[in-house]
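# Summary of structural features
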Amino acid sequence: MSAQRPLDAGFLIVTLVLTGIGIVMVFSASSAVAYVQFHDAAYYLKRELLWAGVGACAFYAGARLDYRRLRLLAPWIFGAAVVLLGAVLVSPVGFIEGGARRWLALGIFTFEPSEVAKLALVVMLAHLFSLRREGARSFARAGFPALLCVGLCFALVMREPDLGTASLYLVTAFVMLFAAGARPSHLALEAAVAVPAMLEFIYASPYRRARFLAFLDPWKDPQGTGYHIIQSLYALGSGRWLGLGLGESRQKFGYLPAQHTDFIFAIIGEELGFIGALAVLTLFVVFAYRGIRIALRAEDRFGFHLAFGLTVGITLQALMNVAVVSGSWPITGVPLPFISYGGTSLVMTLFSAGLIAGVSRGPRRPVTDLACVPPRAA
Amino acid sequence: MVVTLFCALGARLYVVQVRDGPRLAAQAGDEQAATYTLYPTRGDIVDRFGTALAVTLPSYAIGVWPANVRDPRGEALRVAPVLHLSPGQVEQVLRARAPFAYLARDQNGALARAVAALHLAGIGVTPEPFGRRVEPQGTSGASVIGFTGVDDQGLAGIEYEYNALLTGHPGSVAEETDAQGRPIPFGKRLVHAAQPGQTVVLTIDRSLQFDADQILRRTVERFHARSGSLIVMRATTGEILALANYPGFDPNHYDAVPAADWRDRAITDPYEPGSTFKLVTATAALDSGKVSLDDTFPALDTLRVGGRVIHNADDGLMASGHRDETLDDIVTYSHNVGAAEVALRLGKETMYDYIRRFGFDQPTGVDLPGESAGIVGTPDDWWGSRLATIGFGQGISVTALALTRAYAALANGGLLMRPLIVRAITAPDGRVVRVVRPEVVRRVMRPQTAAEVLKILRDVVSRGTAKGLVLPGYALAGKTGTAQMVIDGQYVPGAYTASFVGILPADRPQYVILVKVDRPQGAYYGAIVAAPAFRDMAAKLVWRESLAPSLRAGAAGVQARRTL
């Protein structure tokens, strides 16, 4: 125990600040809609606080956990996640909202397995890449199994359909493969399979295609496919340099859809201006920097791949979200990590952050590289 | 690489938020703002003392938001009796598949409060933009007041003539709203208040108007006549104190009667006045100097002019026993032959000149819509016997209001006034915006002539066709009229206009009262049909106006003096 290093303070602070901003902004962005829907302006705030509490426990648990134990569990975790993803699609508790089956209705709350799968996938890949010294250089030993895992998750999530999350899996895996030393040919193969699959999916229906390409010229159909992006741009543009002030958003009054979930960044831009939006963006840069630094300082390869994969996953998701909100990327429906309203997302993101923080502390016992190889794989 | 991507996004944010910010913010502002109109309250129409003739009361719509209705059947059972609707009907509306539906519109405040007191979440009370126009006097004075249509615009009478003033100016509200158009808390709100309409104060005296309506109605019904008009005018100013038409309408339910009864017959329908027009003949004769009071005319029973034989009326007041008659005799006994002789002696130009001086060729210029000029023609059209018949008021048409004004000119010493129906305009806060002052159009005759003709009209009452018309204590003057009616260009046998125009009191004239009854059945002489109505109206006028009795009013006057 005494051998463990202290937790990376910068990483903890940036995580706390982002979560805090999330709580404040969820309240600001959701109050109007919450009042209309439930006659309680704090309806979403209360739930966000509850989930933040659960998330804090998850963070603590993640940080306290000896991350190496995850290696032993990695195939099981991954298997469970795949089962859950399958359950969304076929079981009667699969919950349809907005035309997509993404949630499992579990009694009083709903649960989004794709968020769990995101973590499970990173753990699984980290496990695969740390089996051998050469990482993912061997296609048969690491590259191919990794592609199988990603492909499985990708295929299942695409069936929901959730293009954003699915593509996030792909890109995260791509970056992890790259960091694990995969050969360029393997990477090219992955891209060659995935990109046509996504394009085929998008172009299969004219509606999806129009919606997908709407960000290029939202004003072509301002009441239809362009509506969401235009409203998001209105929000950002209204903010100017310093914003309308906290709580002063106009777009949150029913104009901007998903204003407290996927598009909360637009409300941040409207209320806190370019300066506030840039500050949030900078916090994610700091998060990425601290996360990668932790990965690079990890004492074993699993720790490196785990911290790196999780950091990349969260950071890429933030990038993609901001790109969507600012009209630079097709609408893909991924939440802004730490900030968007959403129980599963917040808890899983905080748990992931906890795991990264755990890596910063190092393993419980001083170990040799060999010791972290599970007996069976050895 | 991550840093590069973040920098790209930062630049993108700069473009959207700072460079394009003003444009996007303006577009967003347009979308977030809602503007709606505030409708002004329509101004009142009041009588000369401020009594309400037409006012706008708040009115309410009972609306339903079916999504908020929790128990359609139960709530329907509670609301239905308040609205006097059947629970089934109400329940159907409460179950409507619409975001909003009306249960009832244009309801009064008491009912709206009763609905609000039920405290039902899905049923609400909203004010109607225009309120409800109410005419508390009912049919009385309706043809002057007029009425308003569904959008609160004036369609007849003063409501129409003064529509712009009564309407006021709409205001507007611009406010920030949510996507459903509801104002957002602490949002900007720019209000331009509506300017309520102004109040039109009429010259009408509500009490006299009521009397006039009653007396006219009684008269028309007693003689089973088609219709009638009654006007009371203040001679010195031209103010119309009462103007009644029968049959009329109730402005609160104006569509319950045929549209023909909406019109103000006294100003829209010219008619052949008959003997009451001898005022013009006598005035022209004396004022032009072509006839003096001492001049005599042969007293004939018939006269052949332009291939037509003119008779005197068969009213038992023939000039038998006389060889000659004066102008006074002709008017007093209403001899058509004599009047024709006078007209022929004056000539076309002189008669036409005085017809025009009395303003019969033009509308009077009263502030009421649809006024008609008289049908006078020009001397060039006056071929055959027309000059002679105009002398006794046939072959010429005038409106009741124009004739009333002509008598007022005589009564006030010779000045033709513009008839006034509006006395003042006041602002909603009571400030007087405009006072309408009496307006002299022209002098019609010399004061000397006026006095002479007035004397003749007093003789009509004391010994002529209206002998027996007595109002104890008050000297009266006036002229009867019994005219054949022209219907579609033909004189119709048995169709007469019976009329009387009188001046009260005759010794210091102040009021002119005209009574006109169309197609009375049975009796048809003006003296029998219209003169009693004049007397009844004069009696009301004396009482309402506390008119001092005349000093020399014949036998009745003596009696009155004794009681003083």
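## A few points about the overall build of chain B
Each helix and strand in chain B was counted, giving 20 helices and 23 strands. Against the globule reference of 24 Å for 564 residues, chain B gives a C-alpha radius of gyration of 33 Å, more extended than a compact globule. Split into buried and exposed, the 564 residues of chain B put 52% on the buried side. In chain B, the proportion of contacts linking residues at least 24 apart, taken out of those at least 6 apart, comes to 72%. If you sum the accessible surface of chain B, you get close to 24,500 Å²; carbon and sulfur atoms cover 53% of it. Here chain B contributes 58 positively and 56 negatively charged side chains, and the mean placements of these two sets differ by 3 Å.

## Quick word on the packing of helix α10 (residues 264-296) of chain A against helix α1 (residues 2-19) of chain B
Here α10 of chain A crosses α1 of chain B at 170 degrees, and the two axes come no closer than 11 Å. Compared by their axis directions, α10 of chain A and α1 of chain B come out roughly antiparallel. Residue-level inspection shows F265, G269, G273, F274, A277, L278, L281, F284, V285 and A288 of chain A of α10 of chain A in contact with α1 of chain B, the latter providing V2, F6, L9, G10, L13, Y14, Q17 and V18 of chain B. Each residue belonging to the contact of α10 of chain A with α1 of chain B can be placed in one class, and the counts come to 14 nonpolar, four polar and no charged.

## Regarding the domain arrangement of chain B
How big an interface is tends to be reported as the loss of accessible area on association of its parts. What the domain assignment reports for chain B is domain 1 (60-66 + 99-127) and domain 2 (206-563). Here the C-alpha centroids of domain 1 of chain B and domain 2 of chain B sit 55 Å apart.

## Let's talk about the environment of A235 of chain A
Residues and elements named next belong to chain A. Mapping A235 onto the fold places it in helix α9 (residues 227-239). Sequence separation of A235 and I314 is 79 residues, and the distance between their C-alpha atoms is 24 Å. The contact partners of A235, leaving out residues within four places of it in the chain, are Q251, A266, G269 and E270.

## Considering the pattern of salt bridges
When their charged atoms lie close together, side chains carrying opposite charge are able to pair. Residues and elements named next belong to chain A. One pass over the full model with this rule turns up 35 salt bridges over all chains. A salt bridge links D66 to R68, with the shortest nitrogen-to-oxygen separation between them at 3.3 Å. In this pair, the class of D66 matches that of R68, namely buried. Between K118 and E115 there is a salt bridge; the shortest N-O distance is 3.2 Å. Placement of both K118 and E115 in helix α4 (residues 113-129) is noted, with a separation of three residues, approximately one turn of the helix. Like K118, the residue E115 is buried in the burial classification.

The rules we used
Residues numbered from 1 in each chain as written. Chains lettered and ligands numbered in written order. Predicted model: local features only at pLDDT ≥ 70, side-chain atom pairs only at ≥ 80, totals over all residues. Heavy atoms only, no water. Helix = DSSP H or I, 4+ residues; strand = E, 2+ residues; numbered from the N terminus. Rg over C-alpha atoms; globule rule 2.2 N^0.38 Å. Buried < 20%, exposed > 50% of the residue type's maximum accessible area, 1.4 Å probe, protein only. Contact = heavy atoms within 4.5 Å. Areas by Shrake-Rupley, 256 points an atom, 1.4 Å probe, with all protein chains shown as cover. Lys, Arg positive; Asp, Glu negative; His and termini not counted. Charge placed at Lys NZ, Arg CZ, Asp CG, Glu CD. Axes fitted to C-alpha atoms, helices over the stretch in contact; angles between N-to-C directions. Parallel < 35°, antiparallel > 145°, perpendicular 65-115°, else oblique. Nonpolar A, V, L, I, M, F, W, Y, C, P; charged D, E, K, R; others polar. Domains from an automatic or database assignment. Salt bridge = Lys/Arg side-chain N within 4 Å of Asp/Glu carboxyl O.

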